[in-house]
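Chain by chain, the residues run as shown.
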Amino acid sequence: AQTVTQSQPEMSVQEAETVTLSCTYDTSESDYYLFWYKQPPSRQMILVIRQEAYKQQNATENRFSVNFQKAAKSFSLKISDSQLGDAAMYFCAYSTGTASKLTFGTGTRLQVTL
Amino acid sequence: NAGVTQTPKFQVLKTGQSMTLQCAQDMNHEYMSWYRQDPGMGLRLIHYSVGAGITDQGEVPNGYNVSRSTTEDFPLRLLSAAPSQTSVYFCASSYSPSGANVLTFGAGSRLTVL
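How each quantity is defined
Residues numbered from 1 in each chain as written. Chains lettered and ligands numbered in written order. Predicted model: local features only at pLDDT ≥ 70, side-chain atom pairs only at ≥ 80, totals over all residues. Heavy atoms only, no water. Helix = DSSP H or I, 4+ residues; strand = E, 2+ residues; numbered from the N terminus. Rg over C-alpha atoms; globule rule 2.2 N^0.38 Å. Contact = heavy atoms within 4.5 Å. Areas by Shrake-Rupley, 256 points an atom, 1.4 Å probe, with all protein chains shown as cover. Lys, Arg positive; Asp, Glu negative; His and termini not counted. Charge placed at Lys NZ, Arg CZ, Asp CG, Glu CD. Salt bridge = Lys/Arg side-chain N within 4 Å of Asp/Glu carboxyl O. Buried < 20%, exposed > 50% of the residue type's maximum accessible area, 1.4 Å probe, protein only. Disulfide = S-S within 2.5 Å. Polar contact = N/O pair within 3.5 Å; in protein donor to acceptor, adjacent residues only side chain to side chain. Pairing = 2+ DSSP bridges. Axes fitted to C-alpha atoms, helices over the stretch in contact; angles between N-to-C directions.

Draft legend 1. Main features of the overall build of chain A. Regarding its fold elements, chain A presents zero helices and 12 strands. Counting from the amino terminus, chain A carries its helices and strands in the arrangement β-β-β-β-β-β-β-β-β-β-β-β. Relative to its length of 114 residues, chain A is compact, with a C-alpha radius of gyration of 14 Å against a globular reference of 13 Å. Once the C-alpha set of chain A is aligned to its principal axes, its extents read approximately 40 × 25 × 20 Å. Nonlocal contacts in chain A, meaning residues at least 24 apart in sequence, comprise 54% of its contacts between residues at least 6 apart. Within the structure as shown, chain A displays about 5600 Å² of accessible surface, and the carbon and sulfur contribution to it stands at 45%. Charged side chains of chain A number 10 positive and 10 negative; the gap between the two group centres comes to 5 Å.

Draft legend 2. Region of the structure containing the pattern of salt bridges. Residues and elements named next belong to chain A. Counting across every chain of the model gives six salt bridges over all chains. Of the charged contacts in the structure, one is a salt bridge between Glu-52 and Arg-50, with a shortest N-O distance of 3.0 Å. The class for Arg-50 is partly exposed, based on a relative accessible area of 23%. Among the ionic pairs, Glu-52 bridges to Lys-55, the shortest N-O distance being 3.8 Å. Classification of Glu-52 by relative accessible area gives buried; the value is 10%. Classification of Lys-55 as partly exposed rests on a relative accessible area of 38%. Three or more residues joined by partner-sharing salt bridges are found here, namely Arg-50, Glu-52 and Lys-55.

Draft legend 3. Molecular detail of the state of the cysteines. All names here are of chain B. As enumerated under the stated definition, the model contains two disulfides over all chains in all. Covalent S-S linkage joins Cys-23 and Cys-91, the inter-sulfur distance amounting to 1.9 Å. With the S-S dihedral at roughly -70 degrees, the linkage between Cys-23 and Cys-91 falls on the left-handed side. Residue Cys-23 is located in strand β3 (residues 19-25), and its partner Cys-91 is located in strand β9 (residues 87-94); the two are separated by 68 residues in the primary sequence. There is no split in this pair, since Cys-23 and Cys-91 are both buried.

Draft legend 4. Region of interest: the side chain of A:Gln6. Residues and elements named next belong to chain A. When you line up the elements, Gln-6 lands in the loop between β1 (3-5) and β2 (10-14). In terms of polar contacts, Gln-6 uses its side chain to reach the backbone carbonyl oxygen of Tyr-90, at 3.0 Å. There is a polar contact of 3.4 Å between the side chain of Gln-6 and the side chain of Thr-108. Discounting chain neighbours no more than four positions away, the residues touching Gln-6 are Ser-22, Cys-23, Trp-36, Tyr-90, Phe-91, Cys-92, Gly-105, Thr-106, Gly-107 and Thr-108.

Draft legend 5. Layout of the sheet that holds strand β7 (residues 64-66) of chain B. All names here are of chain B. Here we have four strands laid out as an open sheet, ordered β1-β3-β8-β7, and antiparallel in their pairing. Unpaired on one side and paired on the other, β1 (4-7) and β7 mark the two borders of the sheet. Strand-to-strand twist of the sheet, defined as the mean angle between neighbouring strand axes without regard to direction, takes the value 20 degrees.

Draft legend 6. The environment of A:Val112, seen in detail. Residues and elements named next belong to chain A. Relative to the assigned elements, Val-112 resides in strand β12 (residues 108-113). C-alpha of Val-112 to C-alpha of Glu-17: the two residues are 95 residues apart in sequence and 9.3 Å apart in space. When near neighbours in sequence (up to four residues on either side) are disregarded, Val-112 contacts Val-13, Gln-14, Glu-15, Gln-83, Leu-84, Asp-86 and Ala-87.

Draft legend 7. Just the environment of B:Gly16, in detail. All names here are of chain B. Within the secondary structure, Gly-16 sits in the loop between β2 (10-13) and β3. For Gly-16 and Pro-39, which are 23 residues apart along the polypeptide, the C-alpha to C-alpha distance reads 23 Å. Among residues more than four places away in sequence, those in contact with Gly-16 are Leu-79, Ser-80 and Ala-81.

Draft legend 8. Seen up close, the environment of B:Leu111. Residue and element names in this part refer to chain B. Within the fold, Leu-111 resides in strand β11 (residues 109-113). Take Leu-111: its relative accessible area is 1%, and that puts it in the buried class. Taking the C-alpha atoms as reference points, Leu-111 and Pro-8, 103 residues apart in sequence, are found 9.1 Å from one another. Those residues in contact with Leu-111 that lie beyond four places of it in its chain are Gln-11, Leu-13, Met-19, Leu-78, Gln-85, Thr-86, Ser-87 and Tyr-89.

And the structure:
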């Protein structure tokens, strides 16, 4: 079975600084997708970024980028120029290529300070 | 577009009571699913459906029933609620069951079982 591990229960970053959230996963599949979701206090699950395993290029979305290391099965999220609105719970998630069933990590709570 | 609509947003039940969490989407998505979110455990898949009339179990299906009589609706039934079912429940949908598709989540339903 696939597993997703987020080893940082909590992280803190100062406004305008950069922070990296870690995620590792375990799979024997070759076709899969990786995601970062943000969950603010409103509880809504919001997609931050998505990475296809077959793409070597790291995905980027404005201030958010990933470091995808396929051989190491690592998928970290970098948030640049952190803003107060980035404060949230962040979940790393995995799905195989053939099914939309997501396996989630346990989450990292990000605090942004002034 | 309303997206994915969940009702109710909050519910308190007594042990042994039954209830149905409603989920409706207006995006003509084939794939629908239910997750539960518990502190420190991320989101876990309860049941999912790849189309009308087709349902299957996820990681934690015990104590829950689902049906999919229409494309739009995917209700989750608790036949005899237990305190262990106290959780936040999320419904999510995507255009097709492919893992390449991004899930759209509802706003969540917080259920407390006393």
